[in-house]
Number of protein chains: 2
Amino acid sequence: MDLDEIDLQILALLQCDASISTELVSQHVGVSKTPCWRRMQRLEKLGYVKKKVALLDADKLDLGVSVFVQIKTNRHDASWAEELTDVINDFPEVVEFYRMAGEYDYLLRVLVKDISAYDEFYKKLIRSTSLTDVTSNFAMEQIKYTTEVPLAAPKI
Amino acid sequence: MDLDEIDLQILALLQCDASISTELVSQHVGVSKTPCWRRMQRLEKLGYVKKKVALLDADKLDLGVSVFVQIKTNRHDASWAEELTDVINDFPEVVEFYRMAGEYDYLLRVLVKDISAYDEFYKKLIRSTSLTDVTSNFAMEQIKYTTEVPLAAPKI
DNA sequence: TGTGAAAGCCGCCAACT
DNA sequence: AGTTGGCGGCTTTCACA
């Protein structure tokens, strides 16, 4: 990994606030504007920073319910997995999608307005591909949600 | 909800790319610069935009393993729940934390480097509070991950 | 809401250590 | 790798229709 301490500090700052100016970043990490700017450019070009996004308040937008959906299948060929991936990617309600080890094959997090909106999603899902077993677990409350990855770098 | 179509379009753009300039936003949504800027200010002030962040590449930073941890407890009083919340919030490895309906009481997503890093986390967790049942499910692959909430607004 | 325009900061580059 | 200096442009703001 070709990152030094300063790079990690820059990443820590940016993943906390992407709209911070180069000048402020440079002051925090203790180098002057230009090298700091060059580092930031490099971190983007190398893909350490994937994108900069605005995080919206899901509750305010009436999307307060997360549902975790565990999926089991008996088809384990590559083409079916690809099909499932395509299907899932077309659902904007699915915000996370994992292939799992263990009992269940896949795990989804689905973000919807309420239970009936989830039911609509569920019907769409089982209609669009063949699944052996689908188990839904409802979240009552989102206690923590962060996009910040746990960097080894010291917190600023 | 005091948002019109234009506001929703602005939100859709910003949650896809927060570094887009006011001018580009204004062109996309069909109003001129200043009113568009005023809307964007308003959306932030009202809290629809919570923050702007950089999304980092977890794989590149050697944090490729997500573990979903289901927690069961027999203590259902408010003070214990608060204690758990505090404990969890102090773990940077825990990137998501939900109170669940159904069999399990809580669900965590923990982001770590590898299995042994997870084991370290696990030991820290069970040491810091009393839990009746902890089940860990490992994700082999993150197929989809987005911070974009499914807005009713038309995709741009 | 839209227009226009001023002020200022910021990203960006050049020349040098 | 770092610094210093500066140009150009965009963001931000205000005044007014």
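What counts, and where the lines are drawn
- Residues numbered from 1 in each chain as written.
- Chains lettered and ligands numbered in written order.
- Predicted model: local features only at pLDDT ≥ 70, side-chain atom pairs only at ≥ 80, totals over all residues.
- Heavy atoms only, no water.
- Near = heavy atom within 4 Å.
- Polar contact = N/O pair within 3.5 Å; in protein donor to acceptor, adjacent residues only side chain to side chain.
- Helix = DSSP H or I, 4+ residues; strand = E, 2+ residues; numbered from the N terminus.
- Nonpolar A, V, L, I, M, F, W, Y, C, P; charged D, E, K, R; others polar.
- Pairing = 2+ DSSP bridges.
- Axes fitted to C-alpha atoms, helices over the stretch in contact; angles between N-to-C directions.
- Contact = heavy atoms within 4.5 Å.
- Buried area = accessible area lost by both parts, 1.4 Å probe.
- Salt bridge = Lys/Arg side-chain N within 4 Å of Asp/Glu carboxyl O.
- Expected span 1.5 Å × (residues − 1).
- Buried < 20%, exposed > 50% of the residue type's maximum accessible area, 1.4 Å probe, protein only.
- Arc of directions from axis to C-beta.

Chain A appears in an unreviewed UniProt entry as AsnC family transcriptional regulator from Marinomonas balearica.

*Asks:* Please clarify how the protein's contact with DNA strand C should be interpreted in this entry.
*Replies:* Among the 13 residues in the neighbourhood of DNA strand C, the closest are listed as T22, T34 and W37 of chain A together with T34 and P35 of chain B. The contact atoms of DNA strand C, taken as those within 4 Å of the protein, divide so that sugar and phosphate hold 70%. Contacts to DNA strand C include T34 of chain B, whose side-chain N or O atom sits 3.2 Å from a base oxygen. Put simply, the parts of the chain that give the surface near DNA strand C at least two residues each are helix 2 (22-29) and helix 3 (33-45) of chain A together with helix 3 (33-45) of chain B. Of the residues that constitute the surface near DNA strand C, the class distribution is three nonpolar, six polar and four charged.

*Asks:* Hey, could you run me through the sheet that holds strand 3 (residues 94-100) of chain B in this one?
*Replies:* Adjacent strands of a sheet form backbone hydrogen bonds with each other and so pair up, either parallel or antiparallel. Spatial ordering of the closed barrel is given by 2(A)-4(A)-3(A)-5(B)-2(B)-4(B)-3(B)-5(A), a layout of eight strands whose pairing is antiparallel. In this sheet, neighbouring strand axes are inclined to one another by 35° on average, regardless of whether the strands run parallel or antiparallel. As paired strands, strand 3 (residues 94-100) of chain A and strand 5 (residues 133-145) of chain B are joined by five bridges and run antiparallel to one another. Paired with Y98 of chain A across the strands is Q142 of chain B, a residue of strand 5 of chain B.

*Asks:* Help me out: how do you make sense of the interface of chain B and chain A in this one?
*Replies:* Interface size is often expressed as the accessible area that is lost when the parts come together. Contact with chain B, which involves 63 residues of that partner, is made by 63 residues of chain A. Across the interface of chain B and chain A, roughly 5,900 Å² is buried in total on both sides, 62% from carbon and sulfur atoms. Linking chain B with chain A are six salt bridges. A salt bridge links K51 of chain A to E148 of chain B; its shortest N-O distance comes to 3.8 Å. Across the chain B-chain A interface, the total number found is 37 residue pairs in polar contact (both at pLDDT 80 or more). Among the elements of the structure, helix 1 (5-16), strand 1 (49-56), strand 2 (65-72), helix 4 (78-89), strand 3, strand 4 (106-112) and strand 5 of chain B are those that each provide at least two residues to the side of chain B that touches chain A.

*Asks:* Can you walk me through helix 5 (residues 115-128) of chain A in this structure?
*Replies:* Every α-helical turn comprises 3.6 residues, leaving residues that sit three or four positions apart pointing alike. All names here are of chain A. For helix 5, spanning 14 residues, the distance from its first C-alpha to its last is 20 Å, which sits close to the expected 20 Å at 1.5 Å a residue. Turning to helix 5, its buried residues number three or more, namely Y118, F121 and L125. Viewed end-on, helix 5 has its buried residues packed into an arc of 60°, placing them on one side of the element. Exposed positions of helix 5 whose direction lies more than 90 degrees from the buried face are S116, E120 and R127.

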